[in-house]
Amino acid sequence: MGLKNLINKVKQEADVLKGEASKDKQYTNQNTYPDEAAAKEAFELSRHKLFDVNRWSALPGINSTFELFDEDGNKAIKTLDKPGYYIRIDLPGPTPENWVHVTELRQDENMAEFVVHPSTKPQPAPDEKKEIKHFFAKEASSTFRVERNGNTLIGYEIGRNEAINNQGEEAGDRALANTLIAEGGWAGVQKLQWDKLTAYLVNLEEAEPTNK
């Protein structure tokens, strides 16, 4: 690596650590069925898995906990069916809770997806209204999608504008923790988490039984 490239790389990493640079990432898995009828049937199961966010917590091995909440901050026991809901994400290990807001939901006969952004807690306390309870800044987004292309199902997690939330009022007192999570703990499990989830969405991976 030339000196100029090395300097640019160091500057890039410094900008990331200061929350002044962002990254885009994508994770995907696919599963091909013997015929279109089988793929259509499997897609309906995948659609249900996508919107049944609470069940994501039951994936085997090292896994985050996902809990769906309504706009008033009440735990939602039904599946996601419209924008406006919140998801609380607890990463493996002793880290602060993280919240995202569902801003878009789309589906048709061959595709289903929803988009989330880092957010405040639902119904935040007066002193928390500007604080984004997530290690990524509010401009970041994740799109969770399943689609059927012929006999093949494809699951996606698409991350965009993943900048660290460590600047100003929105970071609150979490600036250092957010940096350590984004560049440390989460960086180590992100691929594992989203690879496992996208495999689950296309029926290559199953969740643990609810009675365990």
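Keep in mind that what you see is a predicted model, and the values were worked out from it rather than measured.

Colleague: Before we go on, may I ask you to explain the sheet that holds strand E4 (residues 98–107) in this structure?
Modeller: Hydrogen bonds between backbone groups are what pair the strands of a sheet, and the pairing can be parallel or antiparallel. The antiparallel open sheet is built from seven strands, whose spatial order is E1-E7-E6-E5-E4-E3-E2. What marks the edges here is a single partner per strand, and that holds for strand E1 (25–32) and strand E2 (65–69). Pairs of neighbouring strands in the sheet enclose a mean axial angle of 20°, with direction left out of account. Looking at chain direction, strand E5 (residues 111–118) and strand E6 (residues 141–149) are connected through six bridges and run antiparallel. Across the sheet, Val115 pairs through a bridge with Thr143, a residue of E6.

Colleague: Would you take a moment to explain the side chain of Glu157 for this structure?
Modeller: Within the secondary structure layout, Glu157 lies in strand E7 (residues 152–160). Here the side chain of Glu157 touches Ser142 through a polar contact of 2.9 Å, side chain to side chain. In this structure, Glu157 is in contact with Lys25, Gln26, Tyr27, Ser142, Thr143, Phe144, Trp194 and Thr198, ignoring residues within four places of it in sequence.

Colleague: How do you make sense of the pairing of E6 when you look at a structure like this?
Modeller: Two faces make up the sheet, and in a regular strand the side chains alternate between them. In this sheet, E7 lies alongside E6 in antiparallel orientation, the contact comprising nine bridges. Bridge pairing in E7 places Arg148 opposite Leu153. Once E6 ends, the chain turns through two residues before running back antiparallel as E7, passing Gly150 with a positive phi of about 65°.

Colleague: Explain empty space enclosed by the protein to me, please; I cannot follow it from the model alone.
Modeller: Counted according to the given criterion, the structure contains one cavity of 30 Å³ or more. Taken as a whole, the largest cavity spans an internal volume of roughly 220 Å³. Taken together, 20 residues form the lining of the largest cavity, with Ile89, Val100, His134, Ser142 and Trp194 sitting closest to its centre. Taken together, the elements giving at least two residues each to the lining of the largest cavity come down to strand E3 (86–90), E5, E6 and helix H4 (175–201). Taken together, the residues that form the lining of the largest cavity break down as 14 nonpolar, four polar and two charged.

Rules behind the numbers
- Residues numbered from 1 in each chain as written.
- Predicted model: local features only at pLDDT ≥ 70, side-chain atom pairs only at ≥ 80, totals over all residues.
- Heavy atoms only, no water.
- Pairing = 2+ DSSP bridges.
- Helix = DSSP H or I, 4+ residues; strand = E, 2+ residues; numbered from the N terminus.
- Axes fitted to C-alpha atoms, helices over the stretch in contact; angles between N-to-C directions.
- Polar contact = N/O pair within 3.5 Å; in protein donor to acceptor, adjacent residues only side chain to side chain.
- Contact = heavy atoms within 4.5 Å.
- 1 Å grid on protein atoms, 1.4 Å probe; cavity = no way out; pocket = protein on both sides within 12 Å on 5 of 7 lines; lining within 4 Å.
- Points joined across faces, edges and corners; volume = space filled by probe spheres on them.
- Nonpolar A, V, L, I, M, F, W, Y, C, P; charged D, E, K, R; others polar.

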